[in-house]
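Summary of structural features
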Amino acid sequence: MHPHADIEGITYVWKGDFRHADSLSNDGILHPGGVQLMTLGSGALHSEQNASKTEPMEFLQLWILPDTADLAPSVQQRQFTKGQRTDTLLKVVGAAEDGVVTVHQDAAVFVAALSAGTEVTHRFGSNRAGYLYLIEGAVALAGDRLSTGDAAKIFEQPELPLRAEAASELILVDVPLRFTPVGVWAR
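The following refers to the structure shown. Within each chain, residue numbers correspond to sequence positions counted from 1 in written order. Only residues with pLDDT of at least 70 get local features here, since the model is predicted, and only at 80 or more are side-chain atom pairs given and counted; chain-wide, interface and lining totals rely on the full set of residues. As a convention, hydrogens and water are excluded, and side-chain values are obtained from all of the structure's heavy atoms.

Regarding the side chain of Thr-39
Rules: By the criteria applied, helices consist of DSSP H or I runs no shorter than four residues and strands consist of E runs no shorter than two, each listed in order from the N terminus. Whenever a nitrogen or oxygen atom comes within 3.5 Å of another N or O atom, the pair is scored as a polar contact, on the condition that within protein one atom can donate a hydrogen and the other can accept it, and that pairs from neighbouring residues in sequence are kept only if both atoms are in side chains. The contact criterion used is simple: two residues touch if any of their non-hydrogen atoms lie within 4.5 Å.
Along the chain, Thr-39 falls in strand β5 (residues 34–39). Among the polar contacts listed, one links the side chain of Thr-39 to the side chain of His-104, at a separation of 3.4 Å. Apart from residues lying up to four places away in sequence, Thr-39 is in contact with Ile-7, Glu-8, Leu-71, Ala-72, Pro-73, Ser-74 and His-104.

Below is the structure:
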């Protein structure tokens, strides 16, 4: 177990089975396509581990700073299928009205499993930024080529066209270009 405070901790499992435990008495297993958001406002302990003794597990974890300090700690989990994210940018984290895992910030997270040759476009609002991480594969991005493990920061672009040059898995984060830090980040 380890502590965090004033973050929105997002976990995305893309291979294997992920086990979670925390000081709030939550536990559970996420499978590929699983998303967890742990609001660690006023603070909590949590741990992550491979749920299998024989199979490998891979996950991504990112933090989004919340818009409010000292939120009550909580956990949300949702399982998405590969079919739901195939050849589309699937929103998995966003505002409550989006029907996805809810983040306490004007932010969104999308995942995709793109077939070779598939083209998708994400449109950014004004004063928005993005972060794209290519989990696996090869993607053409505005004249550049990304391959497994590459990332791109996107600033004030109206849209982001992506073309999979090979079967690819990716995660895209859409956040405000500017925000006011709160809690431990405001000190």
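A look at the sheet that holds strand β17 (residues 159–164)
Going by this rule: One requirement defines pairing of two strands: DSSP has to find at least two bridges between them. Think of each axis as a best-fit line through the C-alpha atoms, taken over the contacting stretch in the case of a helix, with angles from 0 to 180 degrees between the N-to-C directions.
Spatially, β12-β17-β14-β15 is the arrangement adopted by the four strands of the open sheet, whose pairing is antiparallel. Of all strands in the sheet, those with a lone pairing partner are β12 (119–123) and β15 (144–147), marking the two edges. Adjacent strand axes in the sheet meet at a mean angle of 25° when their direction is disregarded. In this sheet, β15 lies alongside strand β14 (residues 138–141) in antiparallel orientation, the contact comprising four bridges. Paired with Val-139 across the two strands is Leu-146, which belongs to β15.

Some points on the pattern of salt bridges
What counts, and what does not: For this document, the term salt bridge refers to a Lys or Arg side-chain nitrogen within 4 Å of an Asp or Glu carboxyl oxygen. Only protein chains enter the accessibility calculation, which uses a 1.4 Å probe; a residue is then buried when its area is under 20% of its type maximum, exposed when over 50%, and partly exposed in between.
Counting across every chain of the model gives seven salt bridges. Notably, a salt bridge pairs Glu-169 with Arg-85, separated by 3.5 Å at the nearest N-O pair. Separated by 84 residues along the polypeptide, Glu-169 in strand β18 (residues 168–176) and Arg-85 in helix α1 (residues 82–85) bring together distant segments of the chain. In this structure, Glu-169 and Arg-85 share a single accessibility class: buried. If you follow the salt bridges from partner to partner, you end up with Lys-82, Arg-85 and Glu-169 in one network.

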